[in-house]
Amino acid sequence: MGENEGKILYLIVTNKSDSVTNDGEAFLERLREIEDLGYAQRDRVAESVIRRTTITDGMLQTIDRILASPERFQSTAFRDGIQDTNDNGILDGEEQALGLNPDRRDTEIESIVKPLQSDGYTQRELSYLNQVIEFSSDRDNQYGGWQQAKDHELLQDAASDGEISKTEHWGIQNNDSDELINAKEEHIGTDPEQADTSGDGFEDHLKWGPMQDLGMDADPTRIDVYIEVDKTEDSEFLTESQRQTIKSTFRQEPGDAVGPIHIHFIRSDRNLERANNYDEVDERQAEHHDGLGYGVRYFLITNGSIEDSGRARMSTAGASWMVIRSDLYGKQQTAAHEIGHGLGVFGDSYEGVDTDERYPGYESIMNYAYGNQDHDAVTFSNGPPFNDYKHMAEMSFAIRYITTHKLREAWANGGVEQQLDQRVETTPTPTSTPTPTATPTSPATATPAPTQTRTPTSTTTSTATQTPTPTATPTATQTSTATATSTPTATATPSETTTSTLTPTATPTSTATATPSSTATATPTSTPTQTSTPTSTPTPTGTSSSMGVVVVMLLGTADLTYRREA
């Protein structure tokens, strides 16, 4: 210190007889302890006393509580001496060590800090305060950590007794990479050590917050798959019975290793203009895919020929979509197959997928030969030689094929502006399993696409993978259909009755001459009731694929890859 400062300090710590006072001795002892932190800290504390020209009990107590705290904290807390610029009872350096601004008052934070500072901070209390102050920057976000901590009485209520318990400290922490504090996860039943408890690709906080607020049937402890289904004019949705068959299969078959998979058909636009090519499918999606960005896959049922005489195709170039023709025999089976693709099961996953050759033990709709053998089957393999459901789970149910950016935006904004329109299903997935009553359908690989991006990005350049050439005339409607949209029971549409089972109107009367990439050119007779037995009996022979599908799937967000099926 300078000579003048030294003289002033001498006068402060001594009396008129040049003896060191009790307060002076106490202060000098503390200065020696602070000196272990560094000369700079020692001098700043001494200068603080010199400016005040006296030593008070309050000064000594302030120094003592800082010295009772962890050493690393002491070093920063004494950096500006014992100065308190905003006069809130918290030293400038102390506020800086906690991550606060000493030039501003924050009474809400101060009410949490001050009860904990009296005896010095413990490492647990400092960790707790660091988390509280980090949360405080987003106090207006009703989803954020501050509000969560407040909901679970982990702010003023927790600090008011002057200490933070292990339970309180654990509760306000976030042990995984989602946005939920441990106390919230414990409360809603999710795993605090897993960002995605169910493994369905949706992080727990997205399902707890924006997805539930959007009105989606979302449970962070459950595997959920969302499919938006639209249809063009003169085409038909899957019936209620067909949808329930698909849903019950996914709920019941996977077994304990994976758990039930809950399929949600959550919206339908009807009587859209028919789509005859992929550009037109892009256009329909851009205008009508309300789930885009919200983790919802898009499915369009059209009466157009699509292209290449294809019965179904999928593209995930940018905004992904699935499209199928309506005049299918076996739409239920096809839809299930395509959902399987959409959840990550492809030919490169297992050699028995998308092939006309039977593989012993692989009893799955993902195998064409199995579908040809049993046209009513809606089933997947849940054991050796290849477990479809386990592979879906390992792929996080192909969440990478869909986008969730609007869910994340909603989280950042602290809420959603409005709920998604859910005209197909508004009730939670039933626990009972309806008996399958629908006719078989065939595959179409599904890749999700969420709501309202107006720039259709899927390209139509296809690189065919696996187009088996049928050697026989596959029976008239084994074409791929994608995820079905349930027929709304509450909203009647101009051309449909409000009966709960709005069945596809087409008795395919085609003898279906099979060409490599299409299984049949069916000419549906649009009668308002479905006859589940087509006039041409589906008895494929040889190696012809009963699915009759052309499928496109994007493996990623930048590169377009098409998968074709015959």
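Residues numbered from 1 in each chain as written. Predicted model: local features only at pLDDT ≥ 70, side-chain atom pairs only at ≥ 80, totals over all residues. Heavy atoms only, no water.

Some details on the overall build of the protein chain
Then, number 1: A tally of regular secondary structure across the protein chain gives 19 helices and five strands.
Then, number 2: The buried share of the protein chain, taken over its 566 residues, is 58%.
Then, number 3: Per element, the accessible surface of the protein chain, about 22,600 Å² overall, is 45% carbon and sulfur. (Helix = DSSP H or I, 4+ residues; strand = E, 2+ residues; numbered from the N terminus. Buried < 20%, exposed > 50% of the residue type's maximum accessible area, 1.4 Å probe, protein only. Areas by Shrake-Rupley, 256 points an atom, 1.4 Å probe, with all protein chains shown as cover.)

A look at the confidence of the model for the protein chain
Then, number 1: Of all residues in the protein chain, 72% attain a pLDDT of 70 or more, and the chain-wide mean is 77.
Then, number 2: In this model, residues 426-566 is a region of pLDDT below 50 whose contacts with residues beyond four sequence positions or in other chains number 534 contacts. (pLDDT = per-residue confidence, 0-100. Contact = heavy atoms within 4.5 Å.)

Comments concerning helix α7 (residues 107-117)
Then, number 1: Here α7 has its buried residues at Ile-109, Glu-110, Ile-112, Val-113, Leu-116 and Gln-117. Here the buried residues of α7 occupy an arc of 165° about the axis, which is enough to place them on one side.
Then, number 2: Against α4 (57-67), α6 (92-98), α8 (123-136), α9 (145-151) and α10 (156-159) lie the buried residues of α7. (Arc of directions from axis to C-beta.)

Here we look at the environment of Thr-107
Then, number 1: You can see Thr-107 is positioned in helix α7.
Then, number 2: Separated by 19 residues in the primary sequence, Thr-107 and Asn-88 have C-alpha atoms spaced 8.7 Å apart.

A word on the pattern of salt bridges
Then, number 1: Counted according to the given criterion, the structure contains 19 salt bridges.
Then, number 2: A salt bridge links Arg-42 to Asp-43; the shortest N-O distance between them is 2.9 Å.
Then, number 3: Asp-43 gets classed as buried once you look at its relative accessible area, which sits at 14%. (Salt bridge = Lys/Arg side-chain N within 4 Å of Asp/Glu carboxyl O.)

Structural notes on the packing of helix α1 (residues 3-13) against helix α3 (residues 39-52)
Then, number 1: Contact pair α1 / α3: the axes reach a minimum separation of 10 Å and the direction vectors enclose 70°. Taken together, the axes of α1 and α3 are roughly perpendicular relative to one another. When you trace α1 past α3, the crossing you get is left-handed. Residues Glu-5, Ile-8, Leu-9 and Ile-12 of α1 pack against Ala-46, Val-49 and Ile-50 of α3.
Then, number 2: Taken together, the residues that form the contact of α1 with α3 break down as six nonpolar, no polar and one charged. (Axes fitted to C-alpha atoms, helices over the stretch in contact; angles between N-to-C directions. Parallel < 35°, antiparallel > 145°, perpendicular 65-115°, else oblique. Left-handed = near helix turned anticlockwise from the far one by under 90°. Nonpolar A, V, L, I, M, F, W, Y, C, P; charged D, E, K, R; others polar.)

Quick look at a negative patch on the surface
Then, number 1: Taken together, the side chains of Glu-29, Glu-33, Asp-36 and Glu-71 make up a negatively charged region of the molecular surface.
Then, number 2: For Glu-33, the position within the fold is in helix α2 (residues 22-35).
Then, number 3: For Glu-33, a relative accessible area of 45% gives the class partly exposed. (Patch = residues over 30% accessible without salt bridge, like charges linked within 9 Å, V, L, I, M, F, W, Y side chains within 5 Å. Lys, Arg positive; Asp, Glu negative; His and termini not counted. Charge placed at Lys NZ, Arg CZ, Asp CG, Glu CD.)

Describing the side chain of Thr-302
Then, number 1: Topologically, Thr-302 is positioned in strand β3 (residues 296-302).
Then, number 2: Here the side chain of Thr-302 touches Thr-232 through a polar contact of 3.2 Å, side chain to side chain.
Then, number 3: At 3.1 Å, the side chain of Thr-302 and the backbone nitrogen of Ala-275 are in polar contact.
Then, number 4: Those residues in contact with Thr-302, other than ones at most four positions away along the chain, are Thr-232, Ser-235, Arg-274, Ala-275, Val-323, Ile-324, Arg-325 and Ser-326. (Polar contact = N/O pair within 3.5 Å; in protein donor to acceptor, adjacent residues only side chain to side chain.)

Overview of the environment of Phe-386
Then, number 1: By the element assignment, Phe-386 lies in the loop between α17 (368-373) and α18 (388-394).
Then, number 2: Counting along the chain gives 27 residues from Phe-386 to Tyr-359, while the straight-line C-alpha distance between them is 10.0 Å.

Side note on the packing of aromatic side chains
Then, number 1: Taken as a whole and judged by the stated rule, the model has 13 aromatic pairs.
Then, number 2: Here Tyr-143 and Trp-208 contribute two aromatic rings whose centre-to-centre distance is 6.2 Å and whose plane-to-plane angle is 65°, an arrangement assigned as edge-to-face. Residue Tyr-143 is located in the loop between α8 and α9, and its partner Trp-208 is located in helix α13 (residues 204-213); the two are separated by 65 residues in the primary sequence. Trp-208 matches Tyr-143 in its accessibility class, with the two residues each being buried.
Then, number 3: Between Tyr-143 and Trp-411, the ring centres sit 5.0 Å apart and the planes meet at 15°, which makes this aromatic pair stacked. On the criterion of sequence distance, the pair formed by Tyr-143 in the loop between α8 and α9 and Trp-411 in helix α19 (residues 405-413) is long-range, its members being 268 residues apart.
Then, number 4: Residue Tyr-143 is classed as buried on the basis of its relative accessible area of 5%.
Then, number 5: Its relative accessible area of 9% is what places Trp-411 among the buried residues. (Phe/Tyr/Trp six-rings, centres within 6.5 Å; stacked < 30°, edge-to-face > 60°.)

Side note on the pairing of strand β1 (residues 223-231)
Then, number 1: Judged by how many residues are buried, β1 sits mostly within the fold: nine of nine residues are covered.
Then, number 2: Where burial is concerned, the two faces of β1 agree: the one with Ile-223, Val-225, Ile-227, Val-229 and Lys-231 and the one with Asp-224, Tyr-226, Glu-228 and Asp-230 are both buried.
Then, number 3: Bridging between β1 and strand β2 (residues 261-267) involves six bridges; their strand directions are parallel. Bridge pairing in β2 places Ile-223 opposite Ile-261.
Then, number 4: At this point the chain moves from β1, through helix α14 (residues 240-252), to the parallel β2, and the crossover so formed is right-handed. (Pairing = 2+ DSSP bridges. Right-handed = clockwise from strand over helix to strand, strands pointing away.)

Observations concerning α3
Then, number 1: The first and last C-alpha atoms of α3 sit 20 Å apart over 14 residues, in line with the 20 Å expected at 1.5 Å per residue.
Then, number 2: For α3, every residue scored as buried is listed here: Gln-41, Asp-43, Val-45, Ala-46, Ser-48, Val-49 and Ile-50.
Then, number 3: In this structure, the buried residues of α3 make contact with α1, α2, α4 and α5 (71-77).
Then, number 4: Where α3 ends, the next residue or the one after it, Thr-53, has phi of about 60°, a positive value. (Expected span 1.5 Å × (residues − 1).)

Some details on the environment of Asp-140
Then, number 1: With respect to the helices and strands, Asp-140 occurs in the loop between α8 and α9.
Then, number 2: Residue classification places Asp-140 among the exposed positions, given a relative accessible area of 75%.
Then, number 3: Through-space distance from the C-alpha of Asp-140 to that of Asn-413 is 9.2 Å; in sequence the pair is 273 residues apart.

Observations regarding the packing of α2 against α3
Then, number 1: Two elements in contact, α2 and α3, have axes separated by 7 Å at closest approach and are oriented at 150°. Regarding the angle of α2 to α3, the classification is roughly antiparallel. Contact with α2, carried on its side by Phe-27, Leu-31, Ile-34 and Glu-35, involves Tyr-39, Gln-41, Arg-42, Val-45, Ala-46 and Val-49 of α3 and no other residues of that element.
Then, number 2: Partitioned by chemical class, the residues of the contact of α2 with α3 number seven nonpolar, one polar and two charged.

Some points on unusual backbone geometry
Most of the time, phi is negative for any residue but glycine, and the peptide bond is trans.
Then, number 1: Here the bond from Pro-384 into Pro-385 is cis, since omega is 5°, no more than 30 degrees from zero.
Then, number 2: By the element assignment, Pro-385 lies in the loop between α17 and α18.
Then, number 3: At Thr-53, a position not held by glycine, the phi torsion is positive, near 60°.
Then, number 4: Here Thr-53 is to be found in the loop between α3 and α4.
Then, number 5: Given a relative accessible area of 54%, Thr-53 falls into the exposed group.
Then, number 6: With a phi close to 60°, Asp-354 is a non-glycine residue in the positive phi region.
Then, number 7: Within the fold, Asp-354 resides in the loop between α16 (331-342) and α17.
Then, number 8: Judged by relative accessible area, which is 7%, Asp-354 ranks as buried.

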